[in-house]
Amino acid sequence: MKRLFLAIAPNAAHLAQLTRLQASLDKQGRLVPRDNLHMTLAFLGQCSDDQQEALCDTLDRLAHQRRLPAFEVTLNTLDYWLKPKIICLKGVARDPRLISLFDLCQGLAQQLGLHTSEHSFTPHITLMRKAKVLPEFKAPSLTLCGHALHLYHSQSSEQGVQYKVLASWPLTA
Ligand code: 3AM
């Protein structure tokens, strides 16, 4: 079994902006390493090899049929989420293509008997975990263009959590 999730990776320019933003956060928490910064579309939980294969086959087919839409989303608000104790840069899913990609990922998870989100979708990138308080400054605005969907394997090791990309699919403009 592998702990998997589907997500979008920020490009190099966005990573630079995000790490600058992280540098200005109070050090009361654990910064997410640069290589781990991502925008989750579906946390899938523990997946068997069969579930992973079925997921990848379906996403291969949808990508081939150009049914995975590219999208834009603006993340411009810093927020502190009390329950998971994270600080994130969040936005609102206004682009219908992003909403349909989120619905598609959640629908696939449901069909395969995997974890689905019980919350409404708030696009966000987690910047800090084990955070104590929300910093009081205005966030920069960052517009992400989603051009690829990635399947990540989340592995815990002594060095911390590592995310490895297992598969990627192009999103069609
Ligand atoms: O994009 P973020 O950082 O919010 O919080 C975890 C992270 O999301 C989330 O999956 C992403 C990759 O690890 N996650 C981890 N465990 C989870 C759970 N049990 C979870 N989401 C929901 N339920």
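Residues numbered from 1 in each chain as written. Predicted model: local features only at pLDDT ≥ 70, side-chain atom pairs only at ≥ 80, totals over all residues. Heavy atoms only, no water.

**Student:** Which residues make up the site of the ligand, and what values go with them?
**Tutor:** Around the ligand sit Arg3, Phe5, His38, Thr40, Phe43, His115, His124, Thr126, Arg129 and Tyr163, and those are all the residues in its vicinity. Here an oxygen atom of the ligand sits 2.8 Å away from a polar atom, N or O, in the side chain of Arg129. Partitioned by chemical class, the residues of the shell around the ligand number three nonpolar, five polar and two charged. (Near = heavy atom within 4 Å. Polar contact = N/O pair within 3.5 Å; in protein donor to acceptor, adjacent residues only side chain to side chain. Nonpolar A, V, L, I, M, F, W, Y, C, P; charged D, E, K, R; others polar.)

**Student:** Go over the packing of aromatic side chains, please, and point to the residues and values.
**Tutor:** Applying the stated criterion across every chain yields a total of four aromatic pairs. An angle of 75 degrees between the planes, with centres 4.9 Å apart, marks the rings of Phe5 and Tyr163 as edge-to-face. Of this pair, Phe5 sits in strand 1 (residues 2-8) while Tyr163 is found in strand 9 (residues 160-170), placing the two residues 158 residues apart along the sequence. The exposure class of Phe5 is buried, given its relative accessible area of 5%. A ring pair is formed by Tyr152 and Tyr163, whose centres lie 6.3 Å apart and whose planes are at 70 degrees; its orientation type is edge-to-face. On the criterion of sequence distance, the pair formed by Tyr152 in strand 8 (residues 148-157) and Tyr163 in strand 9 is long-range, its members being eleven residues apart. A network of ring pairs unites the aromatic residues Phe5, Tyr152 and Tyr163 as a single cluster. (Phe/Tyr/Trp six-rings, centres within 6.5 Å; stacked < 30°, edge-to-face > 60°. Helix = DSSP H or I, 4+ residues; strand = E, 2+ residues; numbered from the N terminus. Buried < 20%, exposed > 50% of the residue type's maximum accessible area, 1.4 Å probe, protein only.)

Everything listed here is a matter of geometry and, on its own, says nothing about what the molecule does.
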